[in-house]
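Here is what each chain is made of, one letter per residue.
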Amino acid sequence: MASSTTNDSVAALLQEAAETHHHVYRITDGTDDDWASWYASWLLELSELPQLLGTRPVRSHLVHALVQLDRDHSAAKTDEP
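Every chain is numbered on its own, with residues counted from 1 as its sequence reads. Side-chain atom pairs in this predicted model are given and counted only at pLDDT of 80 or more, local residue features only at pLDDT of at least 70, and totals for whole chains, interfaces and linings cover all residues. Water and hydrogen atoms were dropped before computing side-chain values, which therefore reflect all heavy atoms in the structure.

A. Unusual backbone geometry, seen in detail. Positive phi values are uncommon outside glycine, yet Lys77 reaches one of about 50°. Going along the chain from the N terminus, every DSSP run of H or I of four or more residues is numbered as a helix, and every run of E of two or more is numbered as a strand. Note that Lys77 resides in the segment after helix H4 (59-76). Buried, partly exposed and exposed residues are distinguished by accessible area as a fraction of the type maximum, computed with a 1.4 Å probe on protein chains only: under 20%, between the cut-offs, and over 50%, respectively. Residue class for Lys77 comes out exposed when judged on its relative accessible area of 73%.

In structure tokens form, the structure reads like this:
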């Protein structure tokens, strides 16, 4: 089970990925239908995610997890990032 510190660190990386993605896609106001692939690449290649998790996730699994988390978050109708 992941520690609270690891969860907080992963949450911070996801927030950083969101901000970076929005900056990169600023010309479209952050719109990118393939956002999960971009996030996965950034998280695997340009962040500390593999070190935080102690393993390098399979890219396709990470893309799937990001899409599922987005669906779950949308369904929860929360203002929390």
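Moving on, there is more to tell.
B. Focus on the packing of aromatic side chains. For Phe, Tyr and Trp, where Trp contributes only its six-membered ring, two rings pair if their centres lie within 6.5 Å, and the inter-plane angle classes them as stacked under 30 degrees, edge-to-face over 60, or tilted in between. The full count for this structure, using the stated rule, is two aromatic pairs. On the numbers, 6.0 Å between centres and 70° between planes, the contact of Trp38 with Tyr39 is edge-to-face. In this pair, the class of Trp38 matches that of Tyr39, namely buried. Among the aromatic residues, those joined into a cluster by ring pairs are Trp35, Trp38 and Tyr39.

C. Local environment of the side chain of His21. Tracing the sequence through the fold places His21 in helix H1 (residues 4-24). A relative accessible area of 5% means that His21 is categorised as buried. Residue contacts are counted whenever heavy atoms from the two residues lie within 4.5 Å of one another. Not counting residues up to four positions away in its chain, the partners in contact with His21 are Gly30, Asp32, Trp35, Trp38 and Tyr39.

D. Here's a closer look at the packing of helix H2 (residues 35-45) against H4. It is the contact of H2 with H4, at a shortest axis distance of 9 Å, that shows an interaxial angle of 125°. The pairing of H2 with H4 is recorded here as oblique in orientation. Between H2 and H4 lies a crossing whose hand is right-handed. From H2, Trp35, Ala36, Ser37, Tyr39, Ala40, Ser41, Leu43 and Leu44 reach across to H4, where they touch Arg59, Leu62, Val63, Leu66, Val67 and Asp70. The axes used here are C-alpha line fits, helices contributing only the stretch in contact, and every angle between their N-to-C directions lies in the interval 0 to 180 degrees. Under this scheme an angle from 65 to 115 degrees is roughly perpendicular, one under 35 degrees roughly parallel, and one over 145 degrees roughly antiparallel; angles in between are oblique. The crossing is said to be left-handed when, going from far helix to near helix, the turn is anticlockwise and less than a right angle, and right-handed when the turn is clockwise.

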